Each structure stands twice: as C-alpha cells, then as structure tokens.
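So the chains spell out like this:
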Amino acid sequence: HLARQVARMSIAHPEVLRVTLVHKALRRCGDAFRCDGDMHHLSERSEGISRFWSHSWHGSQWQKVLTLMVLYNGLPSMLLGTCAAFIVMSLFSVGLLPGFV
C-alpha cells in the first residue's frame, strides 16, 4: 500500500532528479566511490531512473566497485579473456612463444 503511494509521487523540481551514467561512476576504477569531494558535476537531469544503486556507504568501497564492474562488464571480460587465452595457446602450440624453463 505504501509502496504504491510512493510510486505515484512526483518531484517538485526537475533539477532534483539526477542520474549518473555507469561509465562515469566506474571510471578510474570507481574513483567516485572513494572520493570525498563533490561529484555533482558527474550527474545530469533525467526524466526517470533506469537502475538504482543503494546510497549505503558503510560497506567496503572496493566490494561495491568490483560488484558493479562484474555486473556491467562480466560477459565482455569473460569473452575477451577467453579470446586472449586462445591466442596465447595458439602462439605457444606453433612455437612462437617459449615454454616454461
């Protein structure tokens, strides 16, 4: 009941609803999560919020950053790592890379 009422609420001023794009929040290994300065310049006005991240700052900053990086970059990272491993394996098997000494 309360959740429906809150969902129907509207903001008083458009400037109040601000969002930050994922790449801005995670740039430089999540610098925004470790910075004590003003990060307002990273945000912009929006008509709505597509994803909401909690504002709890009591947990580990690195755990938050790593969780978000895996969540938003997990598949590309896995594919790139697999391709790199395949290239190294291929180079080793044709003798272009040395073995263990």
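Here the residue index of a chain counts from 1 through its sequence in written order. Only residues with pLDDT of at least 70 are given local features in this predicted model, and only at 80 or more are side-chain atom pairs given and counted; all residues enter the totals for whole chains, interfaces and linings. Water and hydrogen atoms play no part in the side-chain values, which are based on all heavy atoms of the structure.

Moving on to the overall build of the chain. Counting its secondary structure elements, the chain contains three helices and two strands. For 101 residues, the compact-globule estimate of 2.2 N^0.38 gives 13 Å, and the C-alpha radius of gyration of the chain, at 21 Å, exceeds that figure by more than 25%. Dimensions of the chain along its principal axes, counting C-alpha atoms only, are 70 × 30 × 25 Å. Evaluated residue by residue, the chain yields a buried proportion of 10% over its 101 residues. The contacts in the chain between residues at least 6 apart in sequence include a share of 57% that link residues at least 24 apart. Of the charged side chains in the chain, 10 are positive and 6 negative; the average position of the first set lies 7 Å away from that of the second. Helix numbers and strand numbers start at the N terminus; a helix is a DSSP run of H or I with at least 4 residues, a strand a run of E with at least 2. Radius of gyration: C-alpha atoms only; globule rule: 2.2 Å multiplied by the number of residues to the exponent 0.38. The rule is simple: take the accessible area with a 1.4 Å probe, protein chains only, and divide by the maximum for that residue type; under 20% is buried, over 50% is exposed, in between is partly exposed. We call two residues in contact whenever any of their non-hydrogen atoms come within 4.5 Å of each other. When charges are counted, neither His nor the chain ends are considered; positive counts come from Lys and Arg and negative counts from Asp and Glu. For charged residues, the charge sits on one atom: NZ in Lys, CZ in Arg, CG in Asp, CD in Glu.

Below, the discussion takes up a nonpolar patch on the surface. Residues enter patches when their relative accessible area tops 30% and they take part in no salt bridge; the joining distance is 9 Å for like charges and 5 Å for the nonpolar side chains Val, Leu, Ile, Met, Phe, Trp and Tyr. Surface accessibility in these figures is a Shrake-Rupley result with a 1.4 Å probe; residues are shielded only by whichever protein chains are displayed. A pair is scored as a salt bridge if a Lys or Arg side-chain nitrogen falls within 4 Å of a carboxyl oxygen belonging to Asp or Glu. Together, Phe-86, Ile-87, Val-88, Met-89, Leu-91, Phe-92, Val-94, Leu-96 and Leu-97 make up an exposed nonpolar region whose accessible area comes to about 880 Å². Within the secondary structure, Ile-87 sits in helix H3 (residues 61–93).

Buried Ala, Val, Leu, Ile, Met, Phe, Trp, Tyr and Cys residues that are joined via side-chain atoms within 4.5 Å together make up what is termed a nonpolar core. Listed in full, the five residues of the largest apolar core are Ala-25, Leu-26, Phe-33, Val-65 and Leu-68. Of all the elements in the fold, those that place two or more residues in this core are helix H2 (22–34) and H3. Among the elements that line this core, the one with the most residues is H2, at three residues. Residues in contact with Leu-26, not counting those within four places in the same chain, are Phe-33, Val-65, Leu-68 and Met-69.

So, about H3. Expected span of a helix: the number of residues minus one, times 1.5 Å. Look at H3: only 42 Å from first C-alpha to last across 33 residues, short of the 48 Å you get at 1.5 Å a residue. A bend of about 75° at Asn-73 is the largest found in H3, and the proline Pro-76 appears one to four places after it. One fitted axis covers the seven residues ending at a residue, a second covers the seven starting there, and the bend at that residue is the angle between these axes.

Below, the discussion takes up the environment of Leu-21. Examined against the element boundaries, Leu-21 turns out to sit in the loop between strand S1 (18–19) and H2. The exposure class of Leu-21 is partly exposed, given its relative accessible area of 37%.

Tracing the sequence through the fold places Asp-31 in helix H2. A relative accessible area of 28% means that Asp-31 is categorised as partly exposed. As a C-alpha pair, Asp-31 and Arg-45 span 14 residues in sequence and 21 Å in three-dimensional space.

Before going further, it helps to spend a moment on the pattern of salt bridges. For the structure shown, the criterion picks out one salt bridge. The partner of Lys-24 in a salt bridge is Glu-44, with the nearest N and O atoms 3.6 Å apart. In this pair, Lys-24 is assigned in helix H2 and Glu-44 in strand S2 (residues 44–45), connecting sequence segments 20 residues apart. Of the residues examined, Lys-24 reaches a relative accessible area of 22% and is grouped as partly exposed. Owing to a relative accessible area of 34%, Glu-44 belongs among the partly exposed residues under this scheme.

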